[in-house]
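Coordinates in review
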Amino acid sequence: MRHELCCIGHITLDKVTTPQKTVYMPGGTSFYVSHAINNFSDIDYALVTAVGERERRVPETMRSQGIHVTVLPSRHSVYFENIYGENTDERQQYVRAKADPFSVEQLRDVESEIFHLGALLADDFSEDVVRHIAGRGLVSVDSQGYLREVCDSHVHATDWHNKLEALKYVHFLKANEHEMEVLTGYRDAQKAARKLHEWSVKEVILTFGGMGSLIYDGDRFYRIPAYKPRNVVDATGCGDTYMAGYLYKRVKGASIEEAGNFAAALSTLKIEHSGPVRACAEEVSNVLKNNSRY
């Protein structure tokens, strides 16, 4: 069966600390993307994930919510600790446990128009896996996981090993302002976007939190605003929510600009609540019409 959109990635156990409170919750790219997509009934979506035995209840709950989930075995689940200050665009991050990487054999029968690879750590997806997936659909990658090096549980930014070869297979690439500089050496967003496109990425998506985002397709730069939330509760998963909205609209035939604005508005709805976003297309439309822009 060929899906429209498939996310592959580990579900994590997250400890999230903000100035207001500390909460424990499941998380990870696959978790936030899946819940965001599940708000829209007109898409054939699937999740492929891997968790430790103690966390099997999380994908089972997601199944009960109507999400198509395939669960692969892993000795452990990924355990992240995220600590936010008053500036929600910045965080300290620690890794307390790691899951097993995905393999070509595990993913041999998965088919989709677009695959979003939700790498949380640099070794989640080997180059062989990315190459294999690219032969079955368009590949979307969030660069953050490839730039995470774990040393004594601390997460440090590092460059993507063998990135020039891996990026040959990537159609969509998302990076924030810190990740784009690690990847390209440029602080200037347009220069960074051009360099990533030069390295074969077809659609470069650069996000800047409250400063909005910039998308480049090799011909044009699209400047996407950020929409002001009514209140700021929890920024965890905002980048994943953005990509869920963007890929949902792109697979449905929307233009880059339309998809970018939809993604930004969906992220605004996410930041207003703790946990994954629960918002229908009408609510996104209301943000686009009524919320002021940064």
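Keep in mind that what you see is a predicted model, and the values were worked out from it rather than measured.

The rules behind the values
Residues numbered from 1 in each chain as written. Predicted model: local features only at pLDDT ≥ 70, side-chain atom pairs only at ≥ 80, totals over all residues. Heavy atoms only, no water. Helix = DSSP H or I, 4+ residues; strand = E, 2+ residues; numbered from the N terminus. Rg over C-alpha atoms; globule rule 2.2 N^0.38 Å. Buried < 20%, exposed > 50% of the residue type's maximum accessible area, 1.4 Å probe, protein only. Contact = heavy atoms within 4.5 Å. Lys, Arg positive; Asp, Glu negative; His and termini not counted. Charge placed at Lys NZ, Arg CZ, Asp CG, Glu CD. Core = buried A, V, L, I, M, F, W, Y, C linked by side-chain atoms within 4.5 Å. 1 Å grid on protein atoms, 1.4 Å probe; cavity = no way out; pocket = protein on both sides within 12 Å on 5 of 7 lines; lining within 4 Å. Points joined across faces, edges and corners; volume = space filled by probe spheres on them. Axes fitted to C-alpha atoms, helices over the stretch in contact; angles between N-to-C directions. Parallel < 35°, antiparallel > 145°, perpendicular 65-115°, else oblique. Left-handed = near helix turned anticlockwise from the far one by under 90°. Nonpolar A, V, L, I, M, F, W, Y, C, P; charged D, E, K, R; others polar. Phe/Tyr/Trp six-rings, centres within 6.5 Å; stacked < 30°, edge-to-face > 60°. Salt bridge = Lys/Arg side-chain N within 4 Å of Asp/Glu carboxyl O.

**Quick word on the overall build of the protein chain**
For the protein chain, the count of helices and strands is nine helices and 15 strands. The C-alpha radius of gyration computed for the protein chain amounts to 17 Å, which stays within 12% of the reference 19 Å derived for 294 residues, consistent with globular compactness. Each principal axis of the C-alpha distribution contributes one length, and for the protein chain these read about 45 × 45 × 40 Å. Out of the 294 residues in the protein chain, the part that is buried amounts to 56%. In the protein chain, of all internal contacts separated by at least 6 residues, the share reaching a separation of at least 24 is 63%. Distance from the positive charge centre (34 side chains) to the negative charge centre (40 side chains) of the protein chain: 2 Å.

**A few points about the nonpolar core**
Of all hydrophobic cores here, the largest spans 50 residues; its most connected members are Ile37, Tyr45, Met62, Ile215, Tyr242, Tyr246 and Leu266. With nine residues, the top contributor of residues to this core is helix H8 (residues 256-271). Excluding residues that lie within four positions of it along the chain, Tyr246 makes contacts with Phe172, Glu203, Ile205, Ile215, Ile256, Ala259, Gly260 and Ala263.

**Topic: empty space enclosed by the protein**
Under the defined criterion, the tally for this structure stands at one cavity of 30 Å³ or more. Roughly 50 Å³ of internal volume is contained in the largest cavity. Around the largest cavity, the lining residues are Val16, Thr18, Lys21, Val23, Val233, Asp234 and Ser274.

**So, the packing of helix H5 (residues 177-184) against helix H6 (residues 189-198)**
Interaxial distance between H5 and H6 falls to 10 Å at its minimum, and their mutual angle equals 55 degrees. One finds that H5 runs oblique with respect to H6. Crossing of H5 against H6: the hand is left-handed. For the pair H5 and H6, contact is made by Met180, Leu183 and Thr184 and by Ala189, Ala192, Lys195 and Leu196, respectively. Among the residues forming the contact of H5 with H6, the class breakdown is five nonpolar, one polar and one charged.

**Some details on the packing of aromatic side chains**
This structure, assessed with the given rule, holds eight aromatic pairs. Ring geometry for Phe102 and Phe125: centres 5.1 Å apart, planes at 10 degrees, overall stacked. Pair noted here: Phe102 is in the loop between strand E7 (91-97) and strand E8 (111-117) and Phe125 is in the loop between E8 and helix H3 (127-134), with a separation of 23 residues, a long-range link. Taken individually, Phe102 and Phe125 each receive the classification buried, so the pair is uniform in this respect. Relative to Phe262, the ring of Tyr248 has its centre 5.8 Å away and its plane inclined at 45 degrees; by these criteria the two rings are tilted. Of this pair, Tyr248 sits in helix H7 (residues 238-251) while Phe262 sits in helix H8, and the two are 14 residues apart along the sequence. An identical accessibility class is assigned to Tyr248 and Phe262; each is buried. Every member of this aromatic cluster is reached through a ring pair, and the members are Phe40, Tyr248 and Phe262.

**Observations regarding the pattern of salt bridges**
Counting across every chain of the model gives 19 salt bridges. A salt bridge links Glu4 to Lys252, with the shortest nitrogen-to-oxygen separation between them at 3.0 Å. Here the residue Glu4 occupies a position in strand E1 (residues 2-8), and Lys252 occupies one in the loop between H7 and H8, the gap between them amounting to 248 residues. Glu4 gets classed as buried once you look at its relative accessible area, which sits at 17%. Between Glu257 and Arg220 there is a salt bridge, and its shortest N-O distance comes to 3.7 Å. A residue pair is termed long-range when its members are at least 10 positions apart, and Glu257 in helix H8 and Arg220 in the loop between strand E14 (213-216) and strand E15 (221-224) qualify at 37 residues.

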